[in-house]
2 protein chains.
Amino acid sequence: MSVTAAKGFRAAGIAAGIKENGNPDLALVVNDGPRRAAAGVFTSNRVKAAPVLWSEQVLKGGQVSTVVLNSGGANACTGPKGFQDTHATAEKVAEVLDRGAIEVAVCSTGLIGVLLPMDKLLPGVETAAAQLSAHGGEKAAIAIKTTDTVHKTSVVTKEGWTVGGMAKGAGMLAPGLATMLVVLTTDAAVDSDVLDKALRAATKVTFDRVDSDGCMSTNDTVLLLASGSSGTTPGYEEFAEAVRTVCDDLGQQLIRDAEGASKDIKVEVVNAASEDDAVEVGRSIARNNLLKCAIHGEDPNWGRVLSAIGTTSAAFEPDRLNVAINGVWVCKNGGVGEDREKVDMRYREVHIVADLAAGAETATIWTNDLTADYVHENSAYSS
Amino acid sequence: MSVTAAKGFRAAGIAAGIKENGNPDLALVVNDGPRRAAAGVFTSNRVKAAPVLWSEQVLKGGQVSTVVLNSGGANACTGPKGFQDTHATAEKVAEVLDRGAIEVAVCSTGLIGVLLPMDKLLPGVETAAAQLSAHGGEKAAIAIKTTDTVHKTSVVTKEGWTVGGMAKGAGMLAPGLATMLVVLTTDAAVDSDVLDKALRAATKVTFDRVDSDGCMSTNDTVLLLASGSSGTTPGYEEFAEAVRTVCDDLGQQLIRDAEGASKDIKVEVVNAASEDDAVEVGRSIARNNLLKCAIHGEDPNWGRVLSAIGTTSAAFEPDRLNVAINGVWVCKNGGVGEDREKVDMRYREVHIVADLAAGAETATIWTNDLTADYVHENSAYSS
């Protein structure tokens, strides 16, 4: 299903030889229209990969006919040659599919600082183009995996129209955005302004609130393409809700597949004076290595939660803070609360509630524990 | 040597039974004058332990006659009862040593959220007082250890006067300050204003630039006590230099003993537009879990350095950034530089230079790698 669940799209995923292990590494997503409306959200890292710099320019036109994605190399920190390679990739796609290069978005993921093997990538574009199919969504989702253990897709079907998509990401997950590539498609008949508004609203409360390890990527890209082939124009709220649902689902799949994780942690901040306060506190908790280690050890160490809250600028009084872990209020009024022995930490899902007792706003950040497996995976990952 | 290297001080370290394993856990440092001038710097965490709240009040008077320190419990997030316990500890010290409680600073370190065993601690004060000695500095340094594998002391001896001190800290090391207790003593005849100025200048470029794991403690305290017993009043610059040297030495000892670390990493940011920029970039690099894992794996992964720089607000152009690892400029002008195979990563010391090419300012942050041992130690540490 994936990016081809919505009508008007074809996709393909192949092994072009970019990855030395022979796994799939090149994907195409083609919008056959009648519309080619599109919106995009990109990493806020100031060191941006060549494909991000290129695709930002493409999206300024509000039209995307094709997305070409590769794993096996991020094409980041690769200088002018890297940008030329991205440009050449878009031109190759345009030539093979007889479209304009300025409507071809490019996404890359993999190791930073290495040039892509263009002698493999460009012929791969031809091979992928020959395999484009209205059933190719899953193969495309598989081809963009890096350290992902599973491919990620999601679909919401409404009355006469559909939003679907695929995502890759398993580490370097942090807001602004998480390290990931996401392509969403819809056959709803909406223009690029509506796509942009719905996409930004959705990513702000989904991908932007997934924080695996606090490390922000150079390549994050989330694209939303509309073909209009359903002929249906949904109301904005209904459309935005569908986009948010797909983003939320994919975001959850990303965090569940985070590198080395053994626990999925939902950090819910409640009774904050503002949503910004709630997000700041949630992020601080989600990024606290000591807490993440404690959760790994099934230790409901609420002191580390308070210590993390204390580093923020959010409105709160230390002696009014409350913390619940898996439903047990282990910290009340800034001190010892219910018996921590009551906390059952045996399951993969962990739910931390931080009550700031300072207002009525709330936000939820998703993270995972810090494990020896994370260290092992990221000590060895340079190939 | 430690806190009793300077004349006019006595110290003791004993096992009071606060730690269940019977290790030393209570220390006293006494200033016998003639002066009792003092200065202090405390954690900037807004969730402050009871002893920090107490000692901040004590230091407002600029006079400290005695410091009582315990390991085995942080007395943080312990509510009104925790503060009462700190107060009772100061009163007990005052009574036993016939001094005013308002000149007794209190420091605690250990697990957050647990009340101290006052039935052990208060009798321990009497035992420690009976063992006070002008040679007790080392025992005091040993008694404040938590997960430290070694005790940390440092001494600088000048013409007729001395600055010495002790430190504890092995995890939760982050600026503002690192998680640590530090007591410095001097027999120089200087008043509390001079002590305060010299101490703040020193911590700003030493302890504040040690960042083991980005986690800021609730208990950090650095105290500097002057007895004046040398009768010598050094010039400010010379005195400040001596204080900075001792702080720098102790800070280095802290980072070398960081929990689970296998590499000591010096992150030097050069050619920044401002010192603040240099510090912000240095911290961002030092806190990047992916980079810290790569260093652990002896992988000179400069892409992760650039990715970390990109998350800051410092002045720089991505295509002018340069990065050297152990002397090899692996990244030049934002892209591939010298052959990364030339980088020798076999030794414990790792030196990263990030050249922002944006000015003339510099700063150095000290950190360590992220290891499976760190995860193991902090998954199990709740007792």
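Given the structure is predicted, the values throughout are model-derived calculations rather than measurements. (Residues numbered from 1 in each chain as written. Chains lettered and ligands numbered in written order. Predicted model: local features only at pLDDT ≥ 70, side-chain atom pairs only at ≥ 80, totals over all residues. Heavy atoms only, no water.)

**Digging into the overall build of chain A**
Per the secondary structure count, chain A includes ten helices and 15 strands. Relative to a compact globule of 383 residues, whose C-alpha radius of gyration would be 21 Å, chain A shows 21 Å and is just as compact. For chain A, the spread of C-alpha atoms along the three principal axes comes to 65 × 50 × 35 Å. Across the 383 residues of chain A, 62% fall into the buried class. Partitioning the intrachain contacts of chain A with sequence separation of at least 6 by distance along the chain shows that 80% fall at a separation of at least 24. Here chain A displays about 12900 Å² of accessible surface, and carbon together with sulfur accounts for 48% of that area. Averaging the locations of the 35 positively and 49 negatively charged side chains of chain A gives two centres separated by 2 Å. (Helix = DSSP H or I, 4+ residues; strand = E, 2+ residues; numbered from the N terminus. Rg over C-alpha atoms; globule rule 2.2 N^0.38 Å. Buried < 20%, exposed > 50% of the residue type's maximum accessible area, 1.4 Å probe, protein only. Contact = heavy atoms within 4.5 Å. Areas by Shrake-Rupley, 256 points an atom, 1.4 Å probe, with all protein chains shown as cover. Lys, Arg positive; Asp, Glu negative; His and termini not counted. Charge placed at Lys NZ, Arg CZ, Asp CG, Glu CD.)

**Comments concerning the packing of helix H2 (residues 79-97) of chain B against helix H3 (residues 118-130) of chain B**
Geometry of a packed helix pair, given as the angle between the helix axes and the separation of the axes. Residue and element names in this part refer to chain B. Between H2 and H3, whose axes approach to 10 Å, the crossing angle comes to 25°. Looking at the two axes, H2 sits roughly parallel to H3. Crossing hand, H2 versus H3: right-handed. Residue-level inspection shows Asp-85, Ala-88, Thr-89, Lys-92, Val-93, Val-96 and Leu-97 of H2 in contact with H3, the latter providing Met-118, Leu-121, Leu-122, Val-125, Glu-126 and Ala-129. Here the residues of the contact of H2 with H3 sort into nine nonpolar, one polar and three charged. (Axes fitted to C-alpha atoms, helices over the stretch in contact; angles between N-to-C directions. Parallel < 35°, antiparallel > 145°, perpendicular 65-115°, else oblique. Left-handed = near helix turned anticlockwise from the far one by under 90°. Nonpolar A, V, L, I, M, F, W, Y, C, P; charged D, E, K, R; others polar.)

**Describing the nonpolar core**
Formed by 86 residues in total, the largest nonpolar core has its most connected members in Val-67 and Leu-69 of chain B. When residues no more than four places from it in sequence are discounted, the contact partners of Val-67 of chain B are Ala-27, Leu-28, Val-29, Ala-105, Cys-107, Val-183, Leu-223 and Leu-225 of chain B. Among the nonpolar cores identified, the runner-up in size contains 84 residues, and Ala-16, Leu-28, Ala-74 and Ala-140 of chain A belong to it. (Core = buried A, V, L, I, M, F, W, Y, C linked by side-chain atoms within 4.5 Å.)

**Concerning the interface of chain B and chain A**
Counting from both sides, the interface comprises 51 residues of chain B and, opposite them, 51 residues of chain A. Of the roughly 3900 Å² buried between chain B and chain A, counting both surfaces, carbon and sulfur atoms make up 58%. For chain B, the biggest contributors to the area lost against chain A are Arg-46, Asn-289 and Leu-290 of chain B; these three give 17% of the whole. Looking at the side of chain B that touches chain A, the elements that each hand over two or more residues are helix H8 (289-296), helix H9 (302-309), strand S13 (335-336) and helix H10 (372-380) of chain B. (Buried area = accessible area lost by both parts, 1.4 Å probe.)

**Regarding the environment of Trp-54 of chain A**
Residue and element names in this part refer to chain A. Counting through the fold element by element, Trp-54 comes out in helix H1 (residues 50-60). Classification of Trp-54 by relative accessible area gives buried; the value is 9%. C-alpha of Trp-54 to C-alpha of Cys-107: the two residues are 53 residues apart in sequence and 9.2 Å apart in space. Sequence-distant contacts of Trp-54, that is, excluding residues within four places in its chain, are made with Phe-83, Thr-86, His-87, Ala-90, Ala-101, Val-104 and Val-106.

**Comments concerning the UniProt feature "binding site: substrate" (unreviewed entry) in chain A**
Within this numbering scheme, the UniProt entry marks Thr-146, Lys-168, Thr-179, Glu-259, Asn-378 and Ser-383 of chain A as carrying the feature "binding site: substrate" (unreviewed entry). Tracing the sequence through the fold places Glu-259 of chain A in the loop between helix H6 (236-256) and strand S10 (264-272). (UniProt positions renumbered as here; feature names shortened; annotations may be inferred.)

**Details of helix H3 (residues 118-130) of chain A**
Residue and element names in this part refer to chain A. Taking 1.5 Å of rise per residue, 13 residues should cover 18 Å, and H3 covers 19 Å from first to last C-alpha, within 8% of that figure. Every buried residue of H3 is accounted for by Met-118, Leu-121, Gly-124, Val-125, Ala-128 and Ala-129. Residues of H3 that are buried in the fold lie against strand S1 (9-14), strand S2 (26-31), strand S4 (66-70) and helix H2 (79-97). (Expected span 1.5 Å × (residues − 1).)

**What about H2 of chain A?**
Think of an α-helix as 3.6 residues a turn; residues three or four steps apart then line up on the same face. Residue and element names in this part refer to chain A. Taking 1.5 Å as the rise per residue, H2 with 19 residues should run 27 Å; its terminal C-alpha atoms sit 28 Å apart, in good agreement. Residues of H2 that are buried include every one of Gly-82, Asp-85, Thr-86, Thr-89, Ala-90, Lys-92, Val-93, Ala-94 and Leu-97, and no others. Contact partners of the buried residues in H2: S2, H1, S4, strand S5 (104-108) and H3. Trailing H2 by a residue or two, Asp-98 shows a phi angle of about 55°, which is positive.

**Focus on the sheet that holds S1 of chain A**
Residues and elements named next belong to chain A. Taking strand neighbours across the sheet as the criterion, the four strands line up as S1-S2-S4-S5 in an open arrangement whose pairing is mixed. Only two strands of the sheet have a single partner each, and these edge strands are S1 and S5. Each adjacent strand pair in this sheet contributes to an overall mean axis angle of 10°, direction not counted. Alignment of S1 against S2, held across six bridges, turns out to be antiparallel. Counted as the bridge partner of Ile-14 is Leu-26 from S2. Packed on one face of the sheet, H2 meets S2, S4 and S5 and runs near 130° to S5. On the sheet, H3 packs against S1, S2 and S4 and is oriented at approximately 50° with respect to S2. (Pairing = 2+ DSSP bridges.)

**Notes on the domain arrangement of chain A**
Residues and elements named next belong to chain A. Structurally, chain A comprises domain 1 (2-254) and domain 2 (264-380). The distance between the C-alpha centroids of domain 1 and domain 2 comes to 33 Å. Taken residue by residue, the interface counts twelve residues in domain 1 and 14 residues in domain 2. Both sides of the domain 1 and domain 2 interface together cover about 1100 Å² of buried area, and 37% of this is carbon and sulfur. Where domain 1 packs against domain 2, one counts zero salt bridges. Viewed at the interface, domain 2 and domain 1 are joined by zero residue pairs in polar contact (both at pLDDT 80 or more). Looking at the side of domain 1 that touches domain 2 residue by residue, the classes come out as three nonpolar, four polar and five charged. (Domains from an automatic or database assignment. Salt bridge = Lys/Arg side-chain N within 4 Å of Asp/Glu carboxyl O. Polar contact = N/O pair within 3.5 Å; in protein donor to acceptor, adjacent residues only side chain to side chain.)

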